[in-house]
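Here's the letter readout for the chains.
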Amino acid sequence: MTVLELRGVSKVYGEGSAQVHALREVSLSVGEGQLVAVMGPSGSGKSTLLTIAGTLEEPTSGDVLIAGEPVSGMGRDDRARIRRRCLGYVFQDFNLLAGLTVAENVSLPLELDGMPARSAVQCGLRALDELGLRGRAGSFPDELSGGERQRVAIARAVVGDRRLLLADEPSGALDSANGEAVMRLIRAACRRGVAGVVVTHDAQLASWADRVVFLRDGRIVDQTVPASGPESLLTPNP
Amino acid sequence: MTIRHALLALLSEGPRYGLQLRQEFEARTGEVWPLNVGQVYTTLQRLERDGLVESDGGDDDGPQKGFKITDEGRAELAAWLRTPPDLSSPPRDELVIKVLVAVELPGVDVHEVVQTHRRYLVQLMQEWTRLKEYAADRDLGFGLAVDAELFRLDAVVRWLDAADGRIKRASLEDRDLPRAPLPKTPRKVVLRP
Ligand SMILES: Nc1ncnc2c1ncn2[C@@H]1O[C@H](COP(=O)(O)OP(=O)(O)O)[C@@H](O)[C@H]1O
Ligand SMILES: [Mg+2]
């Protein structure tokens, strides 16, 4: 089942001589339980791709489908509902709300979606449990380490019944152990059926994905081919 | 890693039989580097000749012959652990040469050449990461060996990324500017025959 599909998506910012073609004819499809990494140099259009996939921006041309439904056919309210109910975002700078506790941050999307506060907090605590953060539920974001903050952001992105996880440089400022922990959490969400897209310029992070797509000047120029056997490329060097 | 020092390391934990040494070596390195029996026995003979290990007598070189480390062996192991490996002059790097050639060849899209290598490397990294995902928590030695492989490949990908950017910038700049003479040493390091 395809959760996210981009069909010939282009995005142009600005007008006239100031025009920037951020994306050109990008097509991409991500199935349930699949993790796709998008790699590319700075300015190649990675963040643009993610914000369009997350319905935060509209493409100049082309279509975005979420769970088979074209986003262009949805009204503002439907889009907002999809964002609150189906999509989870993880950003490089975490974007946690400083005045809310960890538990409140994580259950916020559910409450915004109309879930009663009590059940929302229950769901939030369950998500925190899965990420080993139950003990931090009452803390405020500025009392956490960078690695913990990013884990909270992931808990918030997968809380409830989210279908699509979108992460932009999710371990930007983290060291390699925390980066690996972040990718393990995202993989675990995908094993439960979540479709994931991770944008990164870091090959070690990208290598956690089932498929790596390479972006250059707004175009998908290449992608990895899944290995046929578990060790097909690996030759031990004695 | 030299087999010689790997065997000394295992023997520093206590006496072992030859066959046991081979099995333990493979287990500790997550079977990333398989050894054959012949390599184990010739290495043990040399270690014994150099006085770094002792065997429990017995003239037959069978699998039941036991070995233990000597004081000289322990000193050798301690010194080896702290001796930096030779990282000063890299061997001629095939990938670097290919990219240097592609830059100069007319009709070749060097970015496409770079991307072909980048894709191959990332695929390789995906396979190592898959192994790490399933095994690294259960086996420390394996986790360490896989990380080493991943960091090495990652460095190559990063070099390709940097090369890609450098080539792009160079093609945008005026190529007819007079070139300053190159300092000699770095060139030698890259292109040492
Ligand atoms: N809101 C915007 N207005 C104008 N140009 C933008 C905007 N967002 C991104 N761009 C431009 O689009 C291109 C792609 O940007 P982005 O998607 O952020 O790339 P990446 O995330 O790969 O670094 C860049 O040239 C950038 O300057
Ligand atoms: Mg970006």
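Residues numbered from 1 in each chain as written. Chains lettered and ligands numbered in written order. Predicted model: local features only at pLDDT ≥ 70, side-chain atom pairs only at ≥ 80, totals over all residues. Heavy atoms only, no water.

### Regarding the side chain of Arg216(A)
To keep it simple, the criterion reads: The helix count covers DSSP runs of H or I at least four residues long, the strand count covers runs of E at least two residues long, and both are numbered beginning at the N terminus. Between N or O atoms, a polar contact is any pair within 3.5 Å; within protein, one atom must be a potential hydrogen donor and the other a potential acceptor, and residues adjacent in sequence are included only when both atoms are from side chains.
Looking at the element boundaries, Arg216(A) is found in strand 9 (residues 211–216). A distance of 3.0 Å separates a polar atom in the side chain of Arg216(A) from a polar atom in the side chain of Asp164(B).

### So, the packing of helix 6 (residues 176–191) of chain A against helix 6 (residues 110–135) of chain B
Our working definition: Interaxial angle, 0 to 180 degrees, is taken between N-to-C directions of lines fitted to C-alpha atoms, where a helix line uses only the stretch in contact. The cut-offs work like this: below 35 degrees is roughly parallel, past 145 is roughly antiparallel, 65 to 115 is roughly perpendicular, and the gaps in between are oblique. Residues count as neighbours in contact if any of their non-hydrogen atoms are within 4.5 Å of one another. Charged residues are taken to be Asp, Glu, Lys and Arg, nonpolar residues to be Ala, Val, Leu, Ile, Met, Phe, Trp, Tyr, Cys and Pro, and polar residues to be all remaining types, Gly included.
Relative to each other, helix 6 of chain A and helix 6 of chain B sit at 85°, their axes nearing to 12 Å. Taken together, the axes of helix 6 of chain A and helix 6 of chain B are roughly perpendicular relative to one another. Contact residues: Glu180(A), Arg184(A), Arg187(A) and Arg191(A) in helix 6 of chain A; Arg130(B), Lys132(B), Glu133(B) and Tyr134(B) in helix 6 of chain B. Among the residues making up the contact of helix 6 of chain A with helix 6 of chain B, the classes are represented as one nonpolar, no polar and seven charged.

### Focus on the sheet that holds strand 1 (residues 2–13) of chain A
Residues and elements named next belong to chain A. Put simply, the rule reads: For two strands to pair, DSSP has to find at least two bridges joining them.
Spatial ordering of the open sheet is given by 2-1-4-5, a layout of four strands whose pairing is antiparallel. Edge positions in the open sheet fall to strand 2 (20–31) and strand 5 (69–70), since each of these has one partner strand only. Relative to strand 4 (residues 61–66), strand 1 is paired through five bridges, and the arrangement is antiparallel. The residue bridging Leu4 from the neighbouring strand is Ile66, located in strand 4. In the packing of helix 1 (residues 46–53) onto the sheet, contacts are made with strand 1, strand 2 and strand 4, and the angle to strand 1 comes to roughly 125°.

### Concerning the pattern of salt bridges
All names here are of chain A. Selection criterion: By convention in these notes, a salt bridge is any Lys or Arg side-chain nitrogen within 4 Å of a carboxyl oxygen on Asp or Glu. Think of it in three bands: residues with accessible area under 20% of the maximum for their type are buried, residues over 50% are exposed, and the middle band is partly exposed, with areas taken using a 1.4 Å probe on protein chains only.
For the structure shown, the criterion picks out 28 salt bridges over all chains. A salt bridge links Arg7 to Glu5; the shortest N-O distance between them is 3.2 Å. Note on Arg7: relative accessible area 43%, which makes it partly exposed. Two residues, Asp129 and Arg134, come together in a salt bridge whose shortest N-O distance is 3.0 Å.

### Notes on the site of ligand 1
Residue and element names in this part refer to chain A. How we decide: One heavy atom within 4 Å of a molecule or strand makes the whole residue count as near it. Values of accessible area rely on a 1.4 Å probe in the Shrake-Rupley scheme; residue burial ignores everything except the protein chains shown.
Surveying the vicinity of ligand 1 reveals the residues Tyr13, Val20, Ala22, Pro41, Ser42, Gly43, Ser44, Gly45, Lys46, Ser47 and Thr48. At a separation of 2.5 Å, an oxygen atom of ligand 1 approaches a polar side-chain atom of Thr48. In the complex, the protein chains occlude 59% of the 560 Å² of accessible area that ligand 1 would expose alone. Mapped onto the shell around ligand 1, the elements with two or more residues apiece are strand 2 and helix 1. Of the residues forming the shell around ligand 1, the biggest block, three residues, is contributed by helix 1.

### Brief notes about the interface of chain B and chain A
The condition is simple: Two parts placed together each lose some accessible area under a 1.4 Å probe, and adding up what both lose gives the buried area.
Each partner contributes residues to the interface: chain B has 31 residues there, and chain A has 32 residues. Carbon and sulfur atoms supply 51% of the area that chain B and chain A bury against each other, a total of about 2700 Å² over both sides. If you sort the residues of chain B by the area they bury against chain A, Gln126(B), Glu127(B) and Glu133(B) come out on top, with a joint share of 22%. At the surface where chain B touches chain A, the tally comes to six salt bridges. For Lys168(B), the salt bridge identified is with Asp217(A), shortest N-O distance 3.0 Å. Top contributing element to the side of chain B that touches chain A by residue count: helix 6 of chain B, with 18 residues. Of the residues contributing to the side of chain B that touches chain A, the split by class is 14 nonpolar, five polar and twelve charged.

### A word on the domain arrangement of chain B
Formally: Domain start and end points were adopted from an automatic or database domain assignment.
By the assigned domains, chain B splits into domain 1 (3–82) and domain 2 (94–174). Just the C-alpha atoms count here: the centres of domain 1 of chain B and domain 2 of chain B sit 36 Å apart.

### Things to note about helix 3 (residues 37–49) of chain B
Residues and elements named next belong to chain B. Convention followed: Helix span is expected to be 1.5 Å times the residue number reduced by one. Directions pointing from the helix axis toward each C-beta atom define the arc.
Relative to the 18 Å expected for 13 residues at 1.5 Å per residue, helix 3 spans 19 Å between its end C-alpha atoms, a close match to the ideal helical length. When we look at burial in helix 3, the residues that qualify are Val40, Tyr41, Thr43, Leu44 and Leu47. What you see down the axis of helix 3 is that its buried residues fit within an arc of 165°, all on one side. Each element contacted by the buried residues of helix 3 is listed here: helix 1 (3–11), helix 2 (18–28), strand 2 (53–55) and strand 3 (66–69). Just past helix 3, the residue Gly51 takes up positive phi, approximately 75°.

### A closer look at the nonpolar core
The cut-off we apply is this: Buried Ala, Val, Leu, Ile, Met, Phe, Trp, Tyr and Cys residues form a nonpolar core when they are joined through side-chain atoms within 4.5 Å.
The biggest cluster of nonpolar side chains holds 61 residues, and the ones touching the most others in it are Leu128(A), Ile186(A) and Val212(A). Considering each element in turn, this core owes the most residues, eight residues, to helix 6 of chain B. The contact partners of Val212(A), leaving out residues within four places of it in the chain, are Ala37(A), Met39(A), Ala206(A), Asp222(A), Gln223(A), Thr224(A), Val122(B) and Gln126(B). Judged by nonpolar contacts, the second largest core, of 29 residues, contains Val30(A), Ile52(A), Val64(A) and Ile66(A).

### A short note on the pairing of strand 6 (residues 87–90) of chain A
All names here are of chain A. Burial of the side chains of strand 6 extends over both faces: Leu87 and Tyr89 are buried on one face and Gly88 and Val90 on the other. Looking at chain direction, strand 6 and strand 7 (residues 164–168) are connected through four bridges and run parallel. Across the sheet, the residue bridging to Gly88 is Leu165, located in strand 7.

### Some words on the side chain of Arg118(B)
Inspection of the secondary structure assignment puts Arg118(B) in helix 6. Judged by its relative accessible area of 8%, Arg118(B) is buried. At 2.6 Å, the side chain of Arg118(B) forms a polar contact with the side chain of Gln115(B). Excluding residues within four positions of it along the chain, Arg118(B) makes contact with Phe214(A), Val157(B), Leu160(B), Asp161(B) and Asp164(B).

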